[in-house]
Amino acid sequence: MPDNGTYERLISLLDSTATSYELIDHEPEGTTETVSALRGHPVSEAAKCLVLMVKTDRRVTRHVLAVVPGDRRVDLDAIRTLFAARYVGFCDAATAERLAHAVPGTVLPFSFDPGLELVADPDVVARPCLYFNAARLDRSLAMSGADYARLAEPRVERIAGPGSD
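Residues numbered from 1 in each chain as written. Predicted model: local features only at pLDDT ≥ 70, side-chain atom pairs only at ≥ 80, totals over all residues. Heavy atoms only, no water.

Quick notes on the packing of aromatic side chains
What describes a pair of aromatic rings is the distance from one ring centre to the other and the angle between the planes of the rings. The full count for this structure, using the stated rule, is three aromatic pairs. When the centroid spacing of 6.2 Å and the interplanar angle of 15° are considered together, the rings of Phe110 and Phe112 count as stacked. Judged by relative accessible area, which is 5%, Phe110 ranks as buried. Take Phe112: its relative accessible area is 19%, and that puts it in the buried class. Arranged with centres 5.4 Å apart and planes meeting at 90°, the rings of Phe110 and Tyr148 form a pair that is edge-to-face. Taken together, the residues span a long stretch of sequence, with Phe110 in the loop between α4 (93-100) and β6 (117-120) and Tyr148 in helix α6 (residues 145-152) at a distance of 38 residues. Through a chain of ring-to-ring contacts, three or more aromatic side chains come together here, namely Phe110, Phe112, Phe132 and Tyr148. Cation over ring: Arg136 sits above Tyr7, and NZ or CZ is 5.0 Å from the ring centre. Taking the ring centre of Phe83 as reference, the NZ or CZ of Arg155 above it sits at 5.3 Å. (Phe/Tyr/Trp six-rings, centres within 6.5 Å; stacked < 30°, edge-to-face > 60°. Buried < 20%, exposed > 50% of the residue type's maximum accessible area, 1.4 Å probe, protein only. Helix = DSSP H or I, 4+ residues; strand = E, 2+ residues; numbered from the N terminus. Lys NZ or Arg CZ within 6 Å of the ring centre and 35° of its normal.)

Next comes the structure, spelled out in structure tokens:
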């Protein structure tokens, strides 16, 4: 179940660290391409956030929040190599919602759960302006990629492939 406080936790983090950001209200939307048009920016400036299941062996399953540019797809082979995994796939909606504390389409590029490892593509943290839904379908947030990297502290690895998921 989504954590109703996820949005407030994000805003509190940004305010308490004096991080510059902009809130953008828009029609409820969770699809990267559509919400990018509503916000008025290229899809490449959006953070696409996907929760993955990574099986390193038969008994060990890890969960990874992969963050890639909105016009790219997550390279599952790169994730598999990164974690020396036997299998990598997308989590079911219920698991993703539980770990991300947000409903699909509103997942933040931040992990507020110790069971969710955060990995971001270098092209995400290099963005002068990065856009993402702010744990709500009707509100987004814009901030610099550098500020995002400083606050979220993702593992930065090349995980984006061509095309869109």
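Concerning the sheet that holds strand β1 (residues 22-25)
Working definition: the strands of a sheet are paired by backbone hydrogen bonds and lie parallel or antiparallel to each other. Strand order in the open sheet formed by three strands is β1-β8-β7, with antiparallel pairing between adjacent strands. In this open sheet, the two strands that pair with only one neighbour each are β1 and β7 (130-133). Taking each pair of neighbouring strands and ignoring which way they run, the sheet shows an average axis angle of 25°. In the sheet, β1 pairs with strand β8 (residues 139-143) via four bridges, with the strands oriented antiparallel. The residue of β8 that forms the bridge with Glu22 is Ala142. Lying over the sheet, helix α1 (residues 6-16) contacts β1, β7 and β8, oriented at roughly 25° with respect to β8. Across the sheet, α6 lies against β7 and β8, angled at about 100° from β8, the strand it touches most. (Pairing = 2+ DSSP bridges. Axes fitted to C-alpha atoms, helices over the stretch in contact; angles between N-to-C directions. Contact = heavy atoms within 4.5 Å.)

A word on the layout of surface pockets
Reported here for the largest pocket is a volume of approximately 440 Å³. Looking at the largest pocket, it is lined by 27 residues, and the ones nearest its centre are Lys48, Cys49, Leu50, Pro104 and Gly105. Counting only elements with at least two residues in the lining of the largest pocket, the list comes to α2 (32-39), β2 (47-55), α4 and β7. Among the elements that take part in the lining of the largest pocket, β2 stands out by supplying five residues, more than any other. A class-by-class count of the residues in the lining of the largest pocket yields 15 nonpolar, seven polar and five charged. (1 Å grid on protein atoms, 1.4 Å probe; cavity = no way out; pocket = protein on both sides within 12 Å on 5 of 7 lines; lining within 4 Å. Points joined across faces, edges and corners; volume = space filled by probe spheres on them. Nonpolar A, V, L, I, M, F, W, Y, C, P; charged D, E, K, R; others polar.)

Some words on the environment of Tyr131
Position of Tyr131 relative to the elements: it lies in strand β7. Along the chain, Tyr131 and Cys49 lie 82 residues apart, while their C-alpha atoms are 11 Å from each other. Other than its neighbours up to four places away in sequence, Tyr131 contacts Ile24, Arg39, His41, Glu45, Ala46, Ala47, Leu141 and Ala142.

Focus: the side chain of Glu29
Here Glu29 is to be found in the loop between β1 and α2. This buried residue, Glu29, is left without a salt bridge; Arg39 holds the nearest opposite charge, at 9.8 Å. At a separation of 2.9 Å, a polar atom in the side chain of Glu29 contacts the side chain of Thr31. Setting aside its immediate chain neighbours within four residues, Glu29 contacts Thr34, Val35, Leu38, Asn133 and Leu137. (Lys, Arg positive; Asp, Glu negative; His and termini not counted. Salt bridge = Lys/Arg side-chain N within 4 Å of Asp/Glu carboxyl O. Polar contact = N/O pair within 3.5 Å; in protein donor to acceptor, adjacent residues only side chain to side chain.)

Concerning unusual backbone geometry
Positive phi, normally seen in glycine, also occurs at Ala84, with a value near 50°. With respect to the helices and strands, Ala84 occurs in the loop between α3 (76-82) and β5 (87-90). Since its relative accessible area comes to 60%, Ala84 is described here as exposed. You will see that His101, though not glycine, has its phi angle at about 55°, which is positive.

These results come straight from atomic positions and should not be treated as a statement about function.
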